[in-house]
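The residues making up each chain are set out below.
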Amino acid sequence: MATDATAAIQEDIDYLKKKLNLTEGDRKAYWESSEIQITKNKGIITELRNRNKQLHSELAIATGQASDEEVILNAFGASNRKEVSLIRSGISNKVCTVLAIET
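In this text the structure is predicted, and so the values were computed from the model without any measurement.

Parameters and conventions
- Residues numbered from 1 in each chain as written.
- Predicted model: local features only at pLDDT ≥ 70, side-chain atom pairs only at ≥ 80, totals over all residues.
- Heavy atoms only, no water.
- Helix = DSSP H or I, 4+ residues; strand = E, 2+ residues; numbered from the N terminus.
- Buried < 20%, exposed > 50% of the residue type's maximum accessible area, 1.4 Å probe, protein only.
- Areas by Shrake-Rupley, 256 points an atom, 1.4 Å probe, with all protein chains shown as cover.
- pLDDT = per-residue confidence, 0-100.
- Salt bridge = Lys/Arg side-chain N within 4 Å of Asp/Glu carboxyl O.

**Student:** So what's going on with the overall build of the protein chain? Residues and values would help.
**Tutor:** A tally of regular secondary structure across the protein chain gives 4 helices and 0 strands. The N-to-C order of helical and strand elements in the protein chain reads α-α-α-α. Counting every position in the protein chain, which comprises 103 residues, the buried fraction comes to 6%. Surface summary for the protein chain: the accessible area is close to 9200 Å², and the carbon and sulfur share equals 60%.

**Student:** Describe in detail the confidence of the model for the protein chain, supporting the description with residues and values.
**Tutor:** Here the protein chain averages 79 in pLDDT, while 59% of its residues score no lower than 70. When pLDDT is averaged over each helix and strand of the protein chain, the minimum, 52, is found for helix α4 (residues 91-102) and the maximum, 91, for helix α1 (residues 2-62).

**Student:** Explain the pattern of salt bridges to me, using residue names and the numbers behind them.
**Tutor:** If you walk through the whole model with that rule in mind, you get 1 salt bridge. Notably, a salt bridge pairs Arg27 with Glu24, separated by 2.7 Å at the nearest N-O pair. On the criterion of helical spacing, the pair formed by Arg27 and Glu24 is a turn pair, its members being 3 residues apart in helix α1. According to the relative accessible area criterion, Arg27 is partly exposed, its value standing at 46%.

Encoded structure:
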């Protein structure tokens, strides 16, 4: 009788170990799936923030509330600060003149 009880207990232990292994596998799969989704969501959030920033800039320009930098860039017809610096120092004109002379 003791062997029957021991065998039944051992079967229960084996069953629970298998169930635990399956549960652990499910947990790992869920964790991996969650990590992938988190990475995708972070990318989407970054894209949306950049788009939001761009829309705010466009709205500010449209409503006449452009920032100083935007006003400067528009005034000089430049696309970035470096171009403005070159234009202010006259280097861009000199480079264009030298290139025109060489050709």
